[in-house]
Amino acid sequence: MITREQIPTVLDHPVYDDHGNKIGEAKHVFLDDTTGQPEWISVRTGLFGTKESFVPMHDATMAGDHLEVPYAKDRVKDAPNVDIEAGNHLSEDEEHRLYEHYGVDWDAAWQQQAPAEGRRPDLGADTAMQTGTAGGDDAMTRSEERMHVGVERQATGRARLRKYVVTEEVQQTVPVRHEEVVVEREPITEANVDAALSGPEITEAEHEVILHEERPVTRTETVPVERVRLGTEEHVEEETVEGEIRKERIETSITDETEETGGTGERDR
């Protein structure tokens, strides 16, 4: 069982169930007004710690830097709602409903709380909230929410590479050659007279010359010209995030007893 001296090591520390699952953070400890010992602890649960569930501290133990309670996480989260702002005390009906939820025997519980008195204590005044250090001091803890901003990565679009074929008209000038007939006449000279007289004197004859010309022809070949791939690059931009956080404020009220009684006295501090 947790003692009053251990309360500072309990508050704002994790609370785990009997299977090692984290339930939440310990926020308030309620003392039994008869015995002065811790009786209930409120655990802040929920996605953003917006709900507080009450857990009995009779069989709770400290394990390193966290508190362990002999109840399953789901059972704690499903505990009856209790308005802890209403005088910082549990009413008899509220405490009765909590005992029933956790399967704690109602009669056995109050007998353990006040065995010496031999009477059933007024449970509506037996649980006072402690939010500071142990020893019953009057310190009040002020809490506030802090906003933590992170980033998440998500897909915003897709990019694809697709290859397709297009046909283009190209022009290129190339020189071409062709042959034309040229009649050459060679006068008879002493150098060629023998060749001129070697044939018959009068006869018919034909001589043929083949003409040639060049024509442009084309052919194609496939050659690699470049390699293309997709990549990504990151750009950092500043973006402002807005949110709401809650803060607790503490006000001090001073009552002048001399005004109420008409006598003299010291001012409450």
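One can find the structure itself at the top, above this paragraph.
Residues numbered from 1 in each chain as written. Predicted model: local features only at pLDDT ≥ 70, side-chain atom pairs only at ≥ 80, totals over all residues. Heavy atoms only, no water.

Asks: Can you help me understand the nonpolar core in this one?
Replies: If you look at soluble globular proteins, the nonpolar side chains tend to sit buried side by side. Within the largest apolar cluster, 27 residues are counted, with the highest numbers of intra-cluster contacts made by Val29, Trp40, Ile41, Val55, Leu67 and Val69. Of all the secondary structure elements, the ones that give two or more residues to this core are α1 (7-10), β2 (22-32), β3 (38-45), β4 (51-56) and α3 (92-101). In contact with Val55, other than residues within four places in its own chain, are Glu39, Trp40, Ile41, Val43, Val69, Tyr71, Val76 and Tyr102. (Core = buried A, V, L, I, M, F, W, Y, C linked by side-chain atoms within 4.5 Å. Buried < 20%, exposed > 50% of the residue type's maximum accessible area, 1.4 Å probe, protein only. Helix = DSSP H or I, 4+ residues; strand = E, 2+ residues; numbered from the N terminus. Contact = heavy atoms within 4.5 Å.)

Asks: Explain the packing of aromatic side chains to me, please; I cannot follow it from the model alone.
Replies: What describes a pair of aromatic rings is the distance from one ring centre to the other and the angle between the planes of the rings. The final tally for this structure, using the stated rule, is three aromatic pairs. Relative to Phe54, the ring of Phe30 lies with its centre 5.1 Å away and its plane at 55 degrees, an arrangement referred to as tilted. Highlighted residues: Phe30 in strand β2 and Phe54 in strand β4, separated in sequence by 24 residues. (Phe/Tyr/Trp six-rings, centres within 6.5 Å; stacked < 30°, edge-to-face > 60°.)

Asks: What am I meant to see in the pairing of β3 here?
Replies: Where a strand is regular, its side chains alternate between the two sheet faces. β3 sits mainly inside the fold: seven of its eight residues count as buried. Pairing geometry for β2 and β3, over six bridges, is antiparallel. What sits directly across from Glu25, in β3, is Arg44. Linking β2 back to β3 in an antiparallel pair, the connection comprises five residues, with Gly36 at a positive phi of about 75 degrees. Across six bridges, β3 lies against β4 in antiparallel orientation. (Pairing = 2+ DSSP bridges.)

Asks: Help me understand the side chain of Ser53 in this model?
Replies: With respect to the element layout, Ser53 can be found in strand β4. Side-chain polar atoms of Ser53 contact the backbone oxygen of Val76, separated by 3.2 Å. What Ser53 contacts, discounting residues up to four positions off in sequence, is Ile41, Ser42, Val43, Thr45, Val76, Lys77 and Ala79. (Polar contact = N/O pair within 3.5 Å; in protein donor to acceptor, adjacent residues only side chain to side chain.)

Asks: Would you explain the pattern of salt bridges in this entry?
Replies: Side chains that carry opposite charge are capable of pairing whenever their charged atoms lie near each other. Evaluation of the coordinates by the stated rule reveals ten salt bridges. Of the charged contacts in the structure, one is a salt bridge between Glu214 and Arg177, with a shortest N-O distance of 2.9 Å. Of the two residues, Glu214 is situated in the loop between α5 (193-196) and α6 (257-261) and Arg177 in the loop between β7 (127-130) and α5; the sequence distance between them amounts to 37 residues. Relative accessible area serves as the criterion here: at 35%, Glu214 is assigned to the partly exposed category. On the accessibility criterion, Arg177 (60% relative accessible area) is exposed. Salt bridges linked by common partners bring Arg142, Glu144 and Arg146 together as one network. (Salt bridge = Lys/Arg side-chain N within 4 Å of Asp/Glu carboxyl O.)

Asks: What am I meant to see in unusual backbone geometry here?
Replies: Most peptide bonds adopt trans geometry, and most residues besides glycine take a negative phi value. Residue Asp12 is not a glycine yet carries a positive backbone phi of 60 degrees. Mapping Asp12 onto the fold places it in the loop between α1 and β1 (14-16).

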